[in-house]
Amino acid sequence: MKGKDKTSKSRAGRRARRQLSLRLLAKALAQRDIEKQNKETIRRQKCGRIRDETVRITNMPEDTEEVEILELVGEFGHVKGIYMVRNPSGVFVGNVYVFFADIKDAQRAIDVLDGFAYDNMMILSVSWAPSINS
């Protein structure tokens, strides 16, 4: 009986040490990821934009749907996502951030869409998204 107790205690001790090691490893990896994100944020701030591939579109009609925006910008390249700015009551205010996969696609979208008469009445303003600090 004593042999079993000793064996189970040593297994429990090893298990506890492994769990501690895994927690320490996870903590170290999380810290490394945070440092990596901080470096990336600083790099983006230095380049003056939220992200290199982010484009801001203003003066969109308030009744614009997400699908319409994707149709508009999708022809320039792969769109990773869009963010439609809404007021506190959830109404779209006419500003959109488009996250392109490639900076060249984003530049083409800016070149073509800036000054474009959307829906035959709204002149779009399309530019690089401002810095986080702006």
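Caption draft 1: Summary view of the overall build of the protein chain. Counting secondary structure elements, the protein chain contains three helices and six strands. Reading the helices (α) and strands (β) of the protein chain from amino to carboxyl end gives α-β-α-β-β-α-β-β-β. When burial is assessed residue by residue, the protein chain has 26% of its 134 residues classed as buried. Taking the intrachain contacts of the protein chain between residues at least 6 apart in sequence as the baseline, contacts between residues at least 24 apart amount to 61%. A total of about 9500 Å² of accessible surface is found on the protein chain, and carbon and sulfur atoms cover 53% of it.

Caption draft 2: Structural view of the packing of aromatic side chains. Evaluated as defined, the whole model comprises one aromatic pair. Aromatic side chains Tyr-83 and Tyr-97 sit 6.5 Å apart centroid to centroid with 35° between the ring planes, which places their arrangement in the tilted category. With Tyr-83 in strand β2 (residues 79-86) and Tyr-97 in strand β3 (residues 92-100), the pair connects residues that are 14 residues apart, well separated along the chain. Take Tyr-83: its relative accessible area is 46%, and that puts it in the partly exposed class.

Caption draft 3: Broad picture of the sheet that holds strand β1 (residues 54-58). Pairing is antiparallel in the open sheet, where four strands are placed in the order β2-β3-β1-β6. Edge positions in the sheet fall to β2 and β6 (125-128), since each has one partner strand and no second. If you compare each strand with its neighbour and ignore which way they point, the axes differ by 20° on average. The strands touched by helix α2 (residues 66-74) within the sheet are β1, β2 and β3, with β2 carrying the most contacts at an inclination of about 135°.

Definitions and limits used
The numbers attached to residues start from 1 for each chain and follow its sequence in the written order. The predicted nature of this model means local features are confined to residues of pLDDT at least 70 and side-chain atom pairs, given and counted, to a pLDDT of 80 or more, with totals for whole chains, interfaces and linings taken over all residues. Excluded from the side-chain calculations are hydrogens and water; all other atoms, namely the structure's heavy atoms, are used. Only runs of H or I of at least four residues qualify as helices and only runs of E of at least two qualify as strands under DSSP, and these elements are numbered from the N terminus. Exposure classes here rest on a 1.4 Å probe applied to the protein chains alone. A residue is buried below 20% of its type maximum, exposed above 50%, and partly exposed in between. By the convention used here, residues are in contact when the closest approach between their heavy atoms is within 4.5 Å. The accessible surface values rely on the Shrake-Rupley method and a 1.4 Å probe; as for residues, cover is taken only from the protein chains in view. Paired rings are identified among Phe, Tyr and Trp, the last through its six-membered ring, by centres lying within 6.5 Å, and are further divided according to the angle between planes into stacked (under 30 degrees), edge-to-face (over 60) and tilted (the rest). Whether two strands pair comes down to DSSP finding at least two bridges between them. Whenever a helix is involved, its axis is fitted only over the stretch in contact; in every case the axis is a line through C-alpha atoms, and angles between N-to-C directions fall within 0 to 180 degrees.

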